[in-house]
Amino acid sequence: QVLAWAGLRWADLLCYDWRAQEGLPCWLLAKDDAQERIVLAIRGTVSMGDVLTDACGHAAAFLSGQGHSGMASAAHAVVQAASPDMMIFLQEHPTYQVLVTGHSLGGGTAALVAMLLETECCIPRSQLQCYA
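All of these numbers come straight from a predicted model, not from anything done at the bench.

What counts as what
Residues numbered from 1 in each chain as written. Predicted model: local features only at pLDDT ≥ 70, side-chain atom pairs only at ≥ 80, totals over all residues. Heavy atoms only, no water. Helix = DSSP H or I, 4+ residues; strand = E, 2+ residues; numbered from the N terminus. Contact = heavy atoms within 4.5 Å. Axes fitted to C-alpha atoms, helices over the stretch in contact; angles between N-to-C directions. Parallel < 35°, antiparallel > 145°, perpendicular 65-115°, else oblique. Left-handed = near helix turned anticlockwise from the far one by under 90°. Nonpolar A, V, L, I, M, F, W, Y, C, P; charged D, E, K, R; others polar. Pairing = 2+ DSSP bridges. Core = buried A, V, L, I, M, F, W, Y, C linked by side-chain atoms within 4.5 Å. Buried < 20%, exposed > 50% of the residue type's maximum accessible area, 1.4 Å probe, protein only. Salt bridge = Lys/Arg side-chain N within 4 Å of Asp/Glu carboxyl O.

Asks: Please clarify how the environment of cysteine 56 should be interpreted in this entry.
Replies: Inspection of the secondary structure assignment puts cysteine 56 in the loop between helix H2 (48–55) and strand S4 (59–62). Distance from cysteine 56 to leucine 112, taken between C-alpha atoms, is 15 Å for residues 56 residues apart in sequence. Those residues within four positions of cysteine 56 in sequence are excluded, and the remaining contacts are Glu22, His68, Ser69 and Gly70.

Have a look at this one:
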């Protein structure tokens, strides 16, 4: 249903994890050939695992500063899971942009994911957008 609502086909889906658990919200990575970009979408708070991630709200070290510990943990988990397929796709399609987006828990996580993609995966800022 999510794909149909977004106007995507199964062939557009690069990878996903739709099993919400503490420290890892649901996410999907899809290609948008019409816009020449890939989209990493991170779902907001829905499950009890998401609520527990939200509740881990103390400050934790993140890159050169601090971040919400639950969202920082989730960002690392999403990047670890999605970046292999993302990097393969970008090597095959070097002109594509990367859009990271999310709402609520997904929005905070998306912002941190975008920072990790730039610093750890070396995706240039000019190729990266985040809507959170």
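Asks: Help me out: how do you make sense of the packing of helix H3 (residues 69–92) against helix H4 (residues 105–119) in this one?
Replies: When two helices pack together, their arrangement is given by the angle between their axes and by how far apart the axes lie. Contact pair H3 / H4: the axes reach a minimum separation of 8 Å and the direction vectors enclose 60°. Judged by the inter-axis angle, H3 sits oblique to H4. Between H3 and H4 the crossing geometry is right-handed. Taking contact as the criterion, the partners of Met71, Ala72, Ala74, Ala75, His76, Val78, Val79 and Met86 in H3 are, on H4, Leu105, Gly108, Thr109, Leu112, Val113, Leu116 and Leu117. Across the contact of H3 with H4, the residue classes tally to 12 nonpolar, three polar and no charged.

Asks: Looking at this model, I keep getting lost on the pairing of strand S5 (residues 65–68). Mind explaining?
Replies: Along any regular strand, the residues point their side chains to alternate faces of the sheet. Pairing of S4 with S5, which is carried by four bridges, proceeds in the antiparallel orientation. For alanine 61, the partnering residue across the bridge sits in S5 and is glutamine 66. Counting the residues in the hairpin turn of S4 and S5 gives two residues, including leucine 63, whose phi is positive at 50°.

Asks: Before we go on, may I ask you to explain the nonpolar core in this structure?
Replies: Within soluble globular proteins, side chains that are nonpolar tend to cluster in buried spots. Counting 30 residues, the largest nonpolar core has Trp27, Leu40, Met86, Val98, Val100, Val113 and Leu117 as its most contacted members. At the level of secondary structure, the elements contributing two or more residues to this core comprise strand S2 (27–32), strand S3 (37–42), H3, strand S6 (97–102) and H4. Broken down by element, the residue count for this core peaks at nine residues, all from H3. In this structure valine 100 touches Leu40, Ile42, Ala110, Val113, Leu117, Leu128, Gln129, Cys130 and Tyr131, once residues within four positions along its chain are discounted.

Asks: Which parts of the structure should I look at to understand the pattern of salt bridges?
Replies: Side chains that differ in sign of charge can pair as their charged atoms come close. For the structure on display, the rule yields six salt bridges. Salt-bridge contacts for lysine 31 lead to aspartate 33; the nearest nitrogen and oxygen are separated by 3.2 Å. Its relative accessible area of 35% is what places aspartate 33 among the partly exposed residues. A salt bridge links arginine 125 to glutamate 118; its shortest N-O distance comes to 3.2 Å. Residue arginine 125 is classed as exposed on the basis of its relative accessible area, which comes to 62%.

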